[in-house]
Amino acid sequence: MRYLLIGSLLFFLSWTHLLGEDFISKMEYAKMLYSNPRGIGCNKCHGEKGEGSIIAEYMHKNKKVRLEAPTITNLSKERFFHALTTQHKVMPTYFLTWQEIDSLYYYVSSEVKK
Ligand code: HEC
C-alpha cells in the first residue's frame, strides 16, 4: 500500500511537471518558424543556421554573377527588424508579427542552435 502511495505520488509529480513545461521549447518554436515562416523558408536562402549561402551563380553578358544570401547571425536587432519589415529585390516580403520576428532573431543570433 505504501509503495502504491509513493508510486502514485511520483506519477502525480512528474505529470504536473509535464503540464508546467511548455509544449515545445522557445528554441524549437523559433527553429520551426525559421524553416516555415508562412512563405519560403529562411533556411532555403540563409542556410540552416543563418550562416548565409550562395543562391545561384550564372553568366550574364560574359560575367559571372553570384547571388548570395548574407549571414544573418550577428546583426543588431534594429537591422534585423528593418530587413523583415521592408521590401527587397531578391528576398521575399513576409508578413510576420513582432513576436515572430523576435523569435526568428532569437533563433539565428543564438550561439547554441538545436
Ligand atoms: C529567396 C531567398 C531568401 C529568403 C527565402 C530569405 N532571404 Fe533574407 N535575404 C536574402 C537576400 C538576397 C538578402 C540581401 C538583400 C536583398 O537583396 O534582398 C537578404 C537579406 C536579409 C537580411 C538583412 C541582412 C543585412 O545584412 O542587413 C535579413 C535580416 C534577412 N534576410 C533575414 C531573413 C529571414 C529571417 C528570412 C525568413 C523569414 C529570410 N531572410 C528569407 C534572401 C532571402
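As annotated in an unreviewed UniProt entry, the protein chain is Cytochrome c domain-containing protein from Sulfurospirillum barnesii.

S.K.: Describe the layout of surface pockets, naming the residues involved and giving the relevant values.
M.R.: In this model, the largest pocket occupies a volume close to 450 Å³. Surrounding the largest pocket, 26 residues form its lining, His-46, Pro-70, Ile-72, Ala-83 and Met-91 being those nearest its centre. Mapped by element, the contributors of at least two residues to the lining of the largest pocket are helix H3 (42–46), strand E2 (63–69), helix H4 (77–84) and helix H5 (98–109). In terms of residues, the lining of the largest pocket owes the most to one element, H4, which gives five residues. Split by residue class, the lining of the largest pocket holds 19 nonpolar, five polar and two charged.

S.K.: I'd like a rundown of the coordination of the iron atom of the ligand, residues and numbers included.
M.R.: Taken together, the protein donors to the iron atom of the ligand comprise His-46 (NE2) and Met-91 (SD), at separations of 2.0 to 2.1 Å. In this structure, the iron atom of the ligand is coordinated by six donor atoms arranged in octahedral fashion, with angles at the metal of 84 to 178 degrees. Of this pair, His-46 sits in helix H3 while Met-91 sits in the loop between H4 and H5; the two residues are 45 residues apart in sequence, bridging distant segments of the chain.

S.K.: Before we move on, could you go through the nonpolar core and cite the residues and values that matter?
M.R.: Residues Tyr-34, Phe-80 and Leu-104 are the most contacted members of the largest nonpolar core, which totals 17 residues. Contributing elements (two or more residues each) for this core: helix H2 (26–35), H4 and H5. Residues within four places of Phe-80 in sequence aside, it is in contact with Ile-72, Leu-75, Ile-101, Leu-104, Tyr-105 and Val-108.

S.K.: Explain the site of the ligand to me, using residue names and the numbers behind them.
M.R.: Taken together, 20 residues are adjacent to the ligand, and Cys-42, Cys-45, His-46, Arg-79 and Met-91 come closest. At 2.8 Å from a nitrogen atom of the ligand is found a side-chain nitrogen or oxygen belonging to His-46. The separation between an oxygen atom of the ligand and a polar main-chain atom of Met-91 is 3.3 Å. The site holding the ligand turns out to be the largest pocket. Contributions of two or more residues to the shell around the ligand are made by H3 and H4. With four residues, H4 is the largest single contributor of residues to the shell around the ligand. When grouped by side-chain class, the residues that make up the shell around the ligand number 15 nonpolar, three polar and two charged.

Definitions and cut-offs
Along each chain, the written sequence defines residue order, and numbers are assigned to residues from 1. Side-chain atom pairs in this predicted model are given and counted only at pLDDT of 80 or more, local residue features only at pLDDT of at least 70, and totals for whole chains, interfaces and linings cover all residues. Only hydrogens and water are set aside when side-chain values are computed; all heavy atoms of the structure are taken into account. Using a 1 Å grid laid over the protein atoms alone, points where a 1.4 Å probe fits but cannot get out form a cavity; open sets with protein on both sides within 12 Å along at least 5 of 7 lines form a pocket; any residue with an atom within 4 Å of a point counts as lining. Grid points are joined across faces, edges and corners, and a volume is the space filled by probe spheres set on the points. Going along the chain from the N terminus, every DSSP run of H or I of four or more residues is numbered as a helix, and every run of E of two or more is numbered as a strand. Amino acid classes used here: Ala, Val, Leu, Ile, Met, Phe, Trp, Tyr, Cys and Pro are nonpolar; Asp, Glu, Lys and Arg are charged; the rest, including Gly, are polar. In this listing, donors mean N, O and S atoms no farther than 2.8 Å from the metal, or 3.2 Å for Na, K and Ca; water is missing from the atoms, so a site can look incomplete. By the criteria applied here, four donors are tetrahedral when all angles lie between 85 and 135 degrees, four are square planar and six octahedral when opposite donors are over 155 degrees apart and every other angle lies between 65 and 115, and any other arrangement is irregular. Among buried residues, those of type Ala, Val, Leu, Ile, Met, Phe, Trp, Tyr and Cys that are joined through side-chain atoms within 4.5 Å constitute a nonpolar core. Buried, partly exposed and exposed residues are distinguished by accessible area as a fraction of the type maximum, computed with a 1.4 Å probe on protein chains only: under 20%, between the cut-offs, and over 50%, respectively. Any pair of residues with heavy atoms lying within 4.5 Å of one another is described as a contacting pair. Near, as used in this document, describes a residue that has one of its heavy atoms within 4 Å of the molecule or strand being considered. N or O atoms within 3.5 Å of each other form a polar contact, as long as, within protein, one can give a hydrogen and the other can take it, and as long as residues adjacent in sequence are counted only when both atoms are side-chain atoms. Cavities and pockets are treated as containing a molecule whenever more than half of the molecule's atoms lie within 2 Å of their grid points.

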